[in-house]
Amino acid sequence: MRFSAPKPVMSRPVRVCSVQYALRTISSFEEFATHVESFVDVADDYDADLIVFPELLGVQLMGPTSGGGEPSEVMRRLAAEHVDDFDALFKRLATEYERIIVGGTMPRLEGERLLNVASVYFPNAEPVHQAKLHLTPAERNVWKFSPGRDLLVVDTDFGKFAVAICYDVQFPELVKILCNHHGVELLVVPYMTDDRRGTCRVTTCARARAVENQIYTVTAGMVGSLPLMTDLTSQYAQSGIFTPADLAFPMDGIATEAAANVEQVIVADLDLATLDRARHHGSVQTFRDSQSDTLHTRFDGEVLTVRRHFGG
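Residues numbered from 1 in each chain as written. Predicted model: local features only at pLDDT ≥ 70, side-chain atom pairs only at ≥ 80, totals over all residues. Heavy atoms only, no water.

### Quick look at the overall build of the protein
What counts is decided by this rule: Starting at the N terminus, helices and strands are each numbered in turn, a helix being any DSSP run of H or I of at least four residues and a strand any DSSP run of E of at least two. The size measure is the radius of gyration over C-alpha atoms, and the globule rule it meets is 2.2 Å times the number of residues to the 0.38 power. The buried label goes to any residue with under 20% of its type's maximum accessible area, the exposed label to any with over 50%, and the partly exposed label to all in between, with areas taken from a 1.4 Å probe on protein chains only. Should any heavy atoms of two residues lie within 4.5 Å, those residues are considered in contact. For the area figures, the Shrake-Rupley method with a 1.4 Å probe applies, and any residue is considered shielded solely by the protein chains shown. The charged-residue count follows a simple rule in which Lys and Arg add positive charge and Asp and Glu add negative charge, with His and chain termini not counted at all. Charge placement uses NZ in Lys and CZ in Arg. For Asp and Glu, CG and CD serve respectively.
Scanning the protein from N- to C-terminus turns up 7 helices and 13 strands. On C-alpha atoms alone, the protein measures out to a radius of gyration of 19 Å, which is about the 20 Å that the 2.2 N^0.38 rule sets for 312 residues. In terms of its C-alpha atoms, the protein occupies a principal-axis envelope of roughly 75 × 40 × 35 Å. Here the protein holds 312 residues, and the buried ones make up 53% of them. Within the protein, residue pairs in contact and separated by at least 24 positions form 72% of the contacts whose partners lie at least 6 positions apart. As displayed, the protein offers around 13600 Å² of accessible surface, 51% of which is attributable to carbon and sulfur atoms. Where the 29 positive side-chain charges of the protein centre and where its 42 negative ones centre are 6 Å apart.

### Examining the side chain of glutamine 60
For clarity, the threshold we go by: Here a polar contact is taken to be a pair of N or O atoms separated by no more than 3.5 Å, where protein atoms must pair a possible hydrogen donor with a possible acceptor and residues adjacent in sequence count only if both atoms sit in side chains.
By the element assignment, glutamine 60 lies in the loop between β2 (50–52) and α2 (71–97). Of the polar contacts made by the side chain of glutamine 60, one reaches the side chain of tyrosine 21; its length is 2.5 Å. Apart from the residues lying within four places of it in its own chain, the contact partners of glutamine 60 are Tyr21, Ala22, Leu23, Arg24, Ile26, Phe32 and Leu226.

### Section: the packing of helix α4 (residues 172–182) against helix α5 (residues 196–213)
Short version of the rule: Only the stretch in contact is used when a helix axis is fitted, and all axes are lines through C-alpha atoms; the angle between N-to-C directions ranges over 0 to 180 degrees. Oblique is the label for any angle not under 35 degrees, not over 145, and not in the 65 to 115 range, which are roughly parallel, roughly antiparallel and roughly perpendicular in turn. Throughout, a crossing is termed right-handed when the near helix is turned clockwise from the far one, and left-handed when it is turned anticlockwise from it by less than a right angle. Three classes are used, and their members are as follows: Ala, Val, Leu, Ile, Met, Phe, Trp, Tyr, Cys and Pro are nonpolar, Asp, Glu, Lys and Arg are charged, and the others, Gly among them, are polar.
Between α4 and α5, the least distance of the axes is 10 Å, while the angle of their chain directions is 40°. Classified by the angle their axes make, α4 and α5 are oblique. Considering the relative orientation of α4 and α5, their crossing is right-handed. Here Pro172, Val175, Lys176 and Cys179 of α4 lie close against α5, whose contacting residues are Arg209, Glu212 and Asn213. Across the contact of α4 with α5, the residue classes tally to 3 nonpolar, 1 polar and 3 charged.

Worth remembering: the numbers are spatial, not functional.
Here it is in structure tokens:
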């Protein structure tokens, strides 16, 4: 019997840079901005299309935030005092460097609700926002965050991507909704964990989501510490860029991985067209086979899809 080769598909490349960022005490917003821009500049040197910072990047500004008080009060003041400057910084960087930037997360106020929000910044365009949907006990009880309600899908020249913030990646049904029903092929995971166990949870789940849905996943973790700041005194991360586990990809499903607990960047070239081939001609076809399953949870929130070109 003669087997015909799969038809070639057009390449859809994207170069991704994950920033494994170190918390440290700073004295001003300008100091924060300089440090953030230094990493964007490094990613620009690598000609990265998409740059990803870790969860709660904005908490470094707790140092310049005036006053003490309970951790939740400090987090609310941080949201009230620095969100506009945070947005202005990343909007400028995205436009000047002509990159898409996931600026980690920043606490934001929605009325009286305090949310942990990942923002995606584009050249010459307004940012879009994804709030964290699932909260850890510390986030609920110490920082007094409220959960988000909706999902965001970003449709770009290379394909669709979404953001799952730390704990959210540990819920497979959420990612399957994004992939099966909204065409997501790249999942970005900003995270912050305080020990190796937490990092292992995020990493293991990110790799599992890549295999289950035949997608790429990118994790960006936080290292370093803010002395005497509750739940921020010690962070652990080992960021990575992960692939499905099949013939067209690295044998271990790891495109690249950072050294543990060291501030650095990692960069990988990904081709989303390779996912198309794997989904139709791979050793396993989990994406296709899961589409007929009826085991997914119902999602009652809104799914917002935004279209962005590289130039905004």
